[in-house]
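Read off the chains here:
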Amino acid sequence: MDNRSTSAVLDSVAAMELWHSHLLREKIDQSSLLVQGNRACALGALDAGVRFFAGYPITPSSEIMEAMAYELPRVGGVFVQMEDEIASICACIGASLSGWLGMTATSGPGFSLMQEAIGYAIMVEAPLVIVDVMREGPSTGRVSAPSQGDVMQARWGTHGDHPAIVLAASNVADMYRLTMAAVRFAQRFRTPVTLLADEVVGHMRESFSPELVGRYRLTSGDFDFTPGYVHPDLAREVHPPHILGSEAHPHVTGCTHDETGFPTNDAKKSERFLHELYDKVTNHRDELCLYDVKNEGKGRVCVVAYGSCARSARAAWRLAELEGLPVEVLHLYTLFPLPIEVIQTVARRVEFMLIPELNLGQYAREVRKLAENWTTVISMGKIDGTLITPREILDQVTRLIGKYESV
Amino acid sequence: MPLDIEQYLHTERLPHMWCAGCGIGIVTGAFLRAMVDLGLKREETVVVGGVGCSSRAAGYVDVGTMHTIHGRALAFATGIKMARPEFTVIVLTGDGDGAAIGGNHLIHACRRNIDLTCILFNNQVYGMTGGQVSPMTGWGDLATTAPYGQVETPFDLCRLAEAAGATFVARGTAANIRPVEEYIKQGIQHPGFAFIEAVVPCPMEYGKRNAPGGVLAMLDDEKARSISKAEAARLTPEELEDKIVTGVLHHKVGRPEFQRSYASIVARAQAEAAEQAETLQSESGGAVS
Ligand SMILES: Cc1ncc(C[n+]2csc(CCOP(=O)(O)OP(=O)(O)O)c2C)c(N)n1
């Protein structure tokens, strides 16, 4: 690694624009760089092989599309800024059904506009990656205040009974590796995958290098973009894809359809089809549920957290160690399908589960349903647009285990 | 002996879903004949429909077809065309699908001048949902959601498309279908956004409230009201009001087409990337870490 040449290049204005580019990055991979979460997301997408992106600007996600606008043509891909989020996701589905994989990024309001088309994508089994960098509020809210208010939108935002794969990033490395994981899951299960990030995760800069992302890291070899490719281990669960323009010249419809691709009104066939869409996801929880447990088996309280709150939870655990408080942390990278086993295993051994979230307990409600037979589930929600601090979590832990001392 | 058009038709899906007297089939027939004349390759042709009776035409065409969501067919088609530029992509839409819920996508597809062909079946009503007003329902017409008569003015869709940047714009009627076939052919061959409005009768949902003479009278009326662009130029705006101006109304060459323009950006960006890689290589003394 030649540091002189790297810094010389980084010094020039033109190169500043390029610092995140593939070719340049190869030269500087060895040292870590200060990278923004949204840019790491774009990098992850490019490294996974995403070559189609359509989007519409919205804070705090726009840097993702800006990076893609710059990078995609350099690698022979396509970027289009569409007239709105509806058009963006529809263009992505069109590309996905033509044998590419479409990706888009947005924030809460834009995510709402996409919901109808997400239902369609599920129905036509179009692999798709949607990144929602969440901001506070319904409506415009506070555009650069962090939030986790779209958790339930990501699960249930679109109409009808449907499966959902929802991941949550808590730092810059996550933005990279979970974007790649989202691409892989979308491809394997032929369904949309949503990656949630809180504003602060999208906008923060951390030192980062693809080499240093650790667990759950994927590389380009984990992806197969052959149009219509179905992973052999899923051949009995994932329907053979209908790729436009192939010899088969298929029909694709959002109506409930049978294996011919054409609509069916047959009650049995319809029900079976909808179940198959559901089952192909929920039967693979083990593969889909990514998580970390810290201080496993040693806590009376388990802090269950995701996104920015998981960072605070991890910091709180370290503080707790210093203060001799028995805390474990269940850090979830996958919110849906629900990590049932993981949550219930922890629930069986702890007295309390504490769920800090930047919403009014959207995920705590899910955890409670799964865990309340064994443990007491406490929701710790915050919606003032500030982060939950490690100290706030620790104070709550202290209160719960009856050792509260003011500090 | 099978008809020529049957090579492009899902004959096993017939009879079709449209009501007796519906004009959608007439225009679909014209489309199929245009495909035959152009000899379109089935594996390189994609037909995208939105939602509505008109959009359902896509499902009878035996090429790659998509029945999408309401109003968004052009957005799907944009993704398909950008991903697979070699495809001939045709969008079938209705006046509700294309001009109400999908109106924004229509003007933006025109503005981009992307190489798609959009055939909009204008039956002046929401047929599939049972006769509600559409943005093309005439002033004073009755509909289930205009029981006292429509008091909004319809679009002139061809002028809208032209103003928004479409480079081939034509209008015809089911009553005089041969020219429509010709417009569709020209539209598909045109290297840019082609918009073709086909005025069709909907005897069930529009006619039964507004045209007591039935579908034949509706077709006669379409004929009687049709005039050419040249004739239209001699009429006052008042005289033009209930006329259907037909023909190729706008044809422009030379305006950049979106997909090709983007392809040249890709070529440029790839060349730049390669050059930068080389510079970097020589600056670091040829050592690749
Ligand atoms: C988002 C959404 N809103 C409403 C509908 C219901 N809907 C189905 S078809 C249609 C109207 C179609 O009208 P038009 O495009 O004129 O087609 P036609 O049936 O007259 O050919 C409507 C409103 C829908 N499918 N999706």
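On a predicted model such as this, the values are computed, not experimentally measured, just so you know.

1. Focus on the domain arrangement of chain B
All names here are of chain B. Under the domain assignment used here, chain B contains domain 1 (2–253) and domain 2 (256–289). For domain 1 and domain 2, the distance between their C-alpha centres works out to 43 Å. Taken together, the contact pairs nine residues of domain 1 with six residues of domain 2. Here domain 1 packs against domain 2, burying approximately 640 Å² in sum over the two surfaces, 64% of which is carbon and sulfur. When the buried surface of domain 1 facing domain 2 is broken down by residue, Met 82, Arg 112 and Asn 113 rank first, second and third, together holding 55% of it. Between Asp 115 and Arg 260 there is a salt bridge whose closest N-O contact spans 3.3 Å. Taken together, domain 1 and domain 2 are joined by five residue pairs in polar contact (both at pLDDT 80 or more). Of the residues belonging to the side of domain 1 that touches domain 2, the class tally is four nonpolar, two polar and three charged.

2. Section: the environment of Ala 175 of chain B
All names here are of chain B. Inspection of the secondary structure puts Ala 175 in the loop between strand 5 (168–173) and helix 6 (177–189). Taking relative accessible area as the criterion, Ala 175 reaches 16% and is therefore assigned buried. Counting along the chain gives 42 residues from Ala 175 to Ala 217, while the straight-line C-alpha distance between them is 10 Å. Every residue in contact with Ala 175, bar those within four places of it in the chain, is listed here: Leu 219, Glu 222 and Lys 223.

3. A word on the domain arrangement of chain A
All names here are of chain A. Domain assignment breaks chain A into domain 1 (6–222) and domain 2 (294–406). One C-alpha centre belongs to domain 1, the other to domain 2; they are set 27 Å apart. Each partner contributes residues to the interface: domain 1 has 29 residues there, and domain 2 has 23 residues. Across the domain 1 to domain 2 interface the summed buried area is about 1,900 Å²; carbon plus sulfur atoms make up 57%. By the criterion of area lost to domain 2, the three top residues of domain 1 are Gln 148, Met 152 and Ser 170, representing 29% of everything that side buries. On the surface where domain 1 and domain 2 come into contact, there are one salt bridge. The tally of links from domain 1 across to domain 2 stands at 16 residue pairs in polar contact (both at pLDDT 80 or more).

4. Here we look at the confidence of the model for chain A
Scored by pLDDT, chain A comes out at a mean of 91, with 91% of its residues at no less than 70. Across residues 1–20 of chain A, where pLDDT falls below 50, the model places 37 contacts with residues more than four positions away in sequence or in other chains.

5. Side note on the interface of chain B and chain A
The partner chain A presents 50 residues to the 46 residues of chain B that form the contact. With both sides pooled, the region where chain B packs onto chain A buries about 4,000 Å², and carbon together with sulfur makes up 61% of that total. At the boundary of chain B and chain A, one finds one salt bridge. Of the charged contacts in the structure, one is a salt bridge between Glu 83 of chain A and Arg 112 of chain B, with a shortest N-O distance of 2.8 Å. Scanning the region where chain B abuts chain A turns up 14 residue pairs in polar contact (both at pLDDT 80 or more). Listed by contribution, the elements that provide at least two residues to the side of chain B that touches chain A are strand 2 (64–67), helix 2 (73–83), helix 4 (103–112) and helix 11 (258–283) of chain B. With twelve residues, helix 11 of chain B is the largest single contributor of residues to the side of chain B that touches chain A. Residues that form the side of chain B that touches chain A fall into these classes: 21 nonpolar, 16 polar and nine charged. Of the strand pairs in this sheet, strand 10 (residues 251–253) of chain A and strand 2 of chain B are connected by three bridges, and their pairing is parallel. Residue pairing across strands places Val 252 of chain A opposite Met 66 of chain B, the latter belonging to strand 2 of chain B.

6. A short note on the pairing of strand 13 (residues 327–332) of chain A
Each regular strand carries side chains that alternate between the two faces of the sheet. Residue and element names in this part refer to chain A. Burial of strand 13 is extensive: six of the six residues sit out of reach of the surface. Both faces of strand 13 are covered, namely the face carrying Val 327, Val 329 and His 331 and the face carrying Glu 328, Leu 330 and Leu 332. As defined by bridge partners, strand 11 (residues 291–294) adjoins strand 13 across four bridges and the pair is classed as antiparallel. What sits directly across from Val 293, in strand 13, is Leu 330. Looking at chain direction, strand 12 (residues 301–305) and strand 13 are connected through five bridges and run parallel. Looking at strand 13, one finds that Cys 302 is bridged to Glu 328.

What counts as what
- Residues numbered from 1 in each chain as written.
- Chains lettered and ligands numbered in written order.
- Predicted model: local features only at pLDDT ≥ 70, side-chain atom pairs only at ≥ 80, totals over all residues.
- Heavy atoms only, no water.
- Domains from an automatic or database assignment.
- Contact = heavy atoms within 4.5 Å.
- Buried area = accessible area lost by both parts, 1.4 Å probe.
- Salt bridge = Lys/Arg side-chain N within 4 Å of Asp/Glu carboxyl O.
- Polar contact = N/O pair within 3.5 Å; in protein donor to acceptor, adjacent residues only side chain to side chain.
- Nonpolar A, V, L, I, M, F, W, Y, C, P; charged D, E, K, R; others polar.
- Helix = DSSP H or I, 4+ residues; strand = E, 2+ residues; numbered from the N terminus.
- Buried < 20%, exposed > 50% of the residue type's maximum accessible area, 1.4 Å probe, protein only.
- pLDDT = per-residue confidence, 0-100.
- Pairing = 2+ DSSP bridges.

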